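# Fold and geometry: a report
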Number of protein chains: 2
Amino acid sequence: MTNQHTEISTLGEFGLIDHLTKSFKLEQSSSVKGVGDDAAVLRYGEKEILVTTDLLLEGIHFDLTYTPLKHLGYKSAIVNFSDIYAMNGKPQQITVSLGISKRFSVEQLEEFYSGIKLACAHYGVDLVGGDTSASLTGFTISITCIGMADKEKVVYRNGAKENDLICVSGDLGAAYMGLQLLEREKAVFKEAESVQPDFAGKEYILERQLKPEARKDIIELLAEQNIQPTSMMDVSDGLSSELLHICKQSNTGCRIYEDRIPIDYQTAIMAEQFNMNLVTAALNGGEDYELLFTVPLSEHERISELKGIKVIGHITAPSLGCYMIARDGTEIELVAQGWNSLKD
Amino acid sequence: MTNQHTEISTLGEFGLIDHLTKSFKLEQSSSVKGVGDDAAVLRYGEKEILVTTDLLLEGIHFDLTYTPLKHLGYKSAIVNFSDIYAMNGKPQQITVSLGISKRFSVEQLEEFYSGIKLACAHYGVDLVGGDTSASLTGFTISITCIGMADKEKVVYRNGAKENDLICVSGDLGAAYMGLQLLEREKAVFKEAESVQPDFAGKEYILERQLKPEARKDIIELLAEQNIQPTSMMDVSDGLSSELLHICKQSNTGCRIYEDRIPIDYQTAIMAEQFNMNLVTAALNGGEDYELLFTVPLSEHERISELKGIKVIGHITAPSLGCYMIARDGTEIELVAQGWNSLKD
């Protein structure tokens, strides 16, 4: 045992996992891709098997003060499905393990599982395993999702090429603004319990935070159109952070355009009310569960016509770095300010 | 949301999972077996894919006061491998997700991962994914293991037939006695910090608690000998509890013999010192990670000759119930007193 004490925050979440797993080599012939993408890729027979896992901890990833348990169950499943779609796969099975404090009742767990069940029904996924255990502290949720993909269809983070178009589905920053709203109302409620929150006109951003969807529809649309992305990941930590992952792993740079970033009007109004920079929220907010992907320049016309997908920029040579072109033409370097639970 | 509040302890761990998942049906053609065995079974192409997952929580499943982090990493991996062997499969890949409190250093996590790595190297398993997150409370470990098996070789809990022989590998109760010893020394140390524990002559039970192994060797031995068990599971919650699972799922009864239960002499000495009933410890102690399995009566001669495997009884008609024949010939009904973290 060593006596050194290096603070974890010096490495950050991604640095930490890289550091801890760098000495592990893949030895099994069935292991195609290990740590470092949205899901691991395994080869058993004809199909590629995708495996992703998420650990959600009370107080870090969710707040039961304002999160209904059914929604939490739904979201816990969705975030895993999203990782499988981000590999261009189809989620097939999940396992759900829970750490439960004694204050929970059977009825509350039923609520949670009803959300899991709804998500499984919507996305065509089977619950195949898991367990429950006591927890001395908060509610702990661990979900693993198994997906399937044709061998030649799996999309990694490292396939972006110079001149590829950068695309994103849906809109960004809404889940983050929904979270800000919920946190504000929680604080208000603490001060004066009689004040009931008024969420009228803010339904969209609340739903994006509390009951997000995974973009099965976009994956199906791309398949129908026979468009194969060159790289892809889901936007869970914020567009800026994810784009830097793709560029780093693909050894490229990028340019995105501020005026192309898709933002819903409710997100914009909320940012205004909170006096927050709207583009910062869209770039770094996280929990959007949209798909960020690149396609060859030759697909420009076809991809531009697809509903729900926006071309926001292009991939460059690595020497050009990663920048956003602001509305006034200035270049702003992209930094990974994304949600990082290991920093203070 | 319902206002009812049913205490979780009224259902217990297995009752709870059954209750929560009973309305889930398997819809995907790739889902062969869901909740209710050591691992889920999926069919993708020629091979069966096995998936198992374990959530380990500080204060519930381990105590960092006396558990070295390297050992904890090793054991966390092993308990998952054991579930795959219990299906007659071979573990191939694992994912490791951690919830980490701020008091942890990078060096401590390196220790933990060095244990994971050692286990992976010993058992020929690849680490392929996972993540780290902050935890507001204790250290949280979530591991998922993927295994592989030939279609016709997978062994479930529900295949035991009347007259089958009940077999167990290794010996039982040692890990439990090791835990008792560690708990005692922890209490002593709290009283008087200068008193150093004396573990001489108790190495075996400590190793069984702190650094257990999964029975890869037994699975390989059975395969070499071309002996196909009719049912199997690993002994994690105690022999009594596991045997009741097999009998319930196979719709059978059983008889085991007290004088055939394999127990190491260190376990016996420790039980004597603690004034504990030795057979109770062996039946209900848990964390043995031995294999409990049944084979047809026709295999009696061959199985009896195999080193490290003991025939402890036989399967009966369901109407005869589940009993242990004590040394004095009395029949004692088996009850699941196994470790149940959801009870007080």
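Above: the structure in question.
One structure accompanies this document, and this report is about it. On a predicted model such as this, the values are computed, not experimentally measured, just so you know.

With that settled, consider the interface of chain A and chain B. Of the residues lining the interface, 82 residues belong to chain A; the matching set on chain B comes to 82 residues. Here chain A meets chain B over a buried area of about 7000 Å², counting both sides, of which 63% is carbon and sulfur. For chain A, the biggest contributors to the area lost against chain B are Phe 24, Tyr 44 and Glu 107 of chain A; these three give 10% of the whole. Where chain A meets chain B, there are zero salt bridges. Counting the contacts that link chain A with chain B gives 30 residue pairs in polar contact (both at pLDDT 80 or more). If one sorts the elements of the side of chain A that touches chain B by residue count, helix α3 (residues 106–123) of chain A sits on top with nine residues. Tallied by class, residues from the side of chain A that touches chain B come to 33 nonpolar, 32 polar and 17 charged.

Residues and elements named next belong to chain B. Spatially, β9-β11-β8-β12-β10-β13-β14 is the arrangement adopted by the seven strands of the open sheet, whose pairing is mixed. Both outer strands of the open sheet, β9 (231–235) and β14 (331–333), are each paired with one neighbouring strand and no more. Taken pair by pair, the neighbouring strands of this sheet meet at an average axis angle of 25 degrees, ignoring direction. In the sheet, β9 pairs with strand β11 (residues 290–295) via five bridges, with the strands oriented antiparallel. Within β11, the residue paired with Ser 231 across the bridge is Thr 294. The sheet strands contacting helix α7 (residues 239–250) are β8 (165–169), β9, β10 (253–257), β11, β12 (309–316) and β13 (322–325), and the helix crosses β9 at an angle near 155 degrees.

Right, let's talk about the packing of helix α2 (residues 69–85) of chain A against α3 of chain A for a bit. Residue and element names in this part refer to chain A. In contact at an axis separation of 6 Å, α2 and α3 are set at 35 degrees when each is read in the N-to-C sense. Where α2 crosses over α3, the two elements pack in a sense that is right-handed. Contact with α2, carried on its side by Leu 69, Lys 70, Leu 72, Gly 73, Tyr 74, Ser 76, Ala 77, Ile 78, Phe 81 and Tyr 85, involves Gln 108, Glu 111, Phe 112, Ser 114, Gly 115, Ile 116, Leu 118, Ala 119, Cys 120, His 122 and Tyr 123 of α3 and no other residues of that element. Taken together, the residues that form the contact of α2 with α3 break down as 13 nonpolar, six polar and two charged.

This part is about the relation of the copies chain A and chain B. Mapping chain A onto chain B leaves a residual RMSD of 0.0 Å; the transformation is a rotation of 180 degrees accompanied by 0.0 Å of translation along its axis. Here the copies are linked by what is in effect a two-fold axis. Of the C-alpha atoms belonging to chain A, the one lying closest to the rotation axis is found on Gly 45 of chain A, 2.5 Å away.

The next point concerns the side chain of Thr 252 of chain A. Residues and elements named next belong to chain A. Residue position: Thr 252 is located in the loop between α7 (239–250) and β10 (253–257). Looking at Thr 252, the relative accessible area reads 10%, which means it is buried. Dropping the residues within four chain positions of it, Thr 252 is found in contact with Ala 160, Cys 247, Ile 315, Thr 316, Ala 317, Pro 318 and Cys 322.

This next bit is on the packing of aromatic side chains. For the coordinates displayed, the defined rule picks out 14 aromatic pairs over all chains. Ring centres of Tyr 85 of chain A and Tyr 123 of chain A lie 6.2 Å apart, and the angle between their planes is 45 degrees; on these two criteria the pair is classed as tilted. Here Tyr 85 of chain A is found in helix α2, whereas its partner Tyr 123 of chain A is found in helix α3, with 38 residues between them in sequence. Summarising the aromatic geometry, the rings of Phe 112 of chain B and Tyr 113 of chain B are spaced 6.0 Å apart at their centres and angled 80 degrees between planes, so their arrangement reads as edge-to-face. In this arrangement the basic side chain of Lys 117 of chain A is found over the ring face of Phe 24 of chain B, its NZ or CZ atom lying 5.8 Å from the centre. Above the plane of the ring of Tyr 74 of chain B lies Lys 211 of chain B, whose end atom (NZ or CZ) is 4.2 Å from the centre.

The next point concerns the pattern of salt bridges. Residue and element names in this part refer to chain A. Within the structure shown, the criterion is met by 32 salt bridges over all chains. Its salt-bridge partner being Lys 75, residue Glu 287 comes within 2.8 Å of it at the nearest N-O pair. Taken together, the positions of Glu 287 in the loop between α9 (278–284) and β11 (290–295) and Lys 75 in helix α2 put the pair 212 residues apart, joining distant regions of the chain. Residue class for Lys 75 comes out buried when judged on its relative accessible area of 12%. Connected through salt bridges with shared partners, the residues Arg 208, Arg 215, Asp 217 and Glu 290 form a single ionic network.

Take unusual backbone geometry next. All names here are of chain A. Phi is positive for Asn 251, which is not a glycine, with a value near 55 degrees. With respect to the element layout, Asn 251 can be found in the loop between α7 and β10. The exposure class assigned to Asn 251 is exposed, which follows from its relative accessible area of 55%.

To continue, consider the pairing of strand β4 (residues 90–100) of chain A. All names here are of chain A. Burial analysis of β4 places ten of its eleven residues in the buried class, which makes it a mostly covered element. Where β4 lies against strand β7 (residues 140–150), nine bridges are found, and the strand directions are antiparallel. Bridge pairing in β7 places Lys 90 opposite Met 148. Summarising the sheet, β4 and strand β5 (residues 126–129) pair through three bridges and their orientation is parallel. Across the sheet, Thr 95 pairs through a bridge with Gly 129, a residue of β5. Pairing analysis gives three bridges linking β4 to strand β6 (residues 132–134), with the strands arranged parallel. When the bridges of β6 are listed, Leu 98 appears paired with Thr 132.

Now for helix α4 (residues 174–191) of chain A. Residues and elements named next belong to chain A. The terminal C-alpha atoms of α4 lie 26 Å apart, and with 18 residues this matches the ideal 26 Å at 1.5 Å per residue to within 8%. For α4, every residue scored as buried is listed here: Ala 174, Ala 175, Met 177, Gly 178, Gln 180, Leu 181, Leu 182 and Glu 185. Packed against the buried residues of α4 are α5 (203–210), α8 (265–274) and α9.

Helical geometry: 3.6 residues make up each α-helical turn, so side chains three or four residues apart lie on a common side. All names here are of chain A. Listing the buried residues of helix α6 (residues 216–224) in full gives Ile 218, Ile 219, Leu 221 and Leu 222. Projected down its long axis, α6 carries its buried residues within an arc of 160 degrees, all on one side. Residues of α6 that are exposed and point over 90 degrees away from its buried face: Ala 223 and Glu 224. On its buried side, α6 packs onto α2, β8 (165–169), β9 (231–235), β11, α10 (300–304) and β12 (309–316). Looking one or two places after α6, you find Asn 226, whose phi comes out positive at around 60 degrees.

Cut-offs used in this document
- Residues numbered from 1 in each chain as written.
- Chains lettered and ligands numbered in written order.
- Predicted model: local features only at pLDDT ≥ 70, side-chain atom pairs only at ≥ 80, totals over all residues.
- Heavy atoms only, no water.
- Contact = heavy atoms within 4.5 Å.
- Buried area = accessible area lost by both parts, 1.4 Å probe.
- Salt bridge = Lys/Arg side-chain N within 4 Å of Asp/Glu carboxyl O.
- Polar contact = N/O pair within 3.5 Å; in protein donor to acceptor, adjacent residues only side chain to side chain.
- Helix = DSSP H or I, 4+ residues; strand = E, 2+ residues; numbered from the N terminus.
- Nonpolar A, V, L, I, M, F, W, Y, C, P; charged D, E, K, R; others polar.
- Pairing = 2+ DSSP bridges.
- Axes fitted to C-alpha atoms, helices over the stretch in contact; angles between N-to-C directions.
- Left-handed = near helix turned anticlockwise from the far one by under 90°.
- Least-squares fit on C-alpha atoms with pLDDT ≥ 70 in both.
- Buried < 20%, exposed > 50% of the residue type's maximum accessible area, 1.4 Å probe, protein only.
- Phe/Tyr/Trp six-rings, centres within 6.5 Å; stacked < 30°, edge-to-face > 60°.
- Lys NZ or Arg CZ within 6 Å of the ring centre and 35° of its normal.
- Expected span 1.5 Å × (residues − 1).
- Arc of directions from axis to C-beta.

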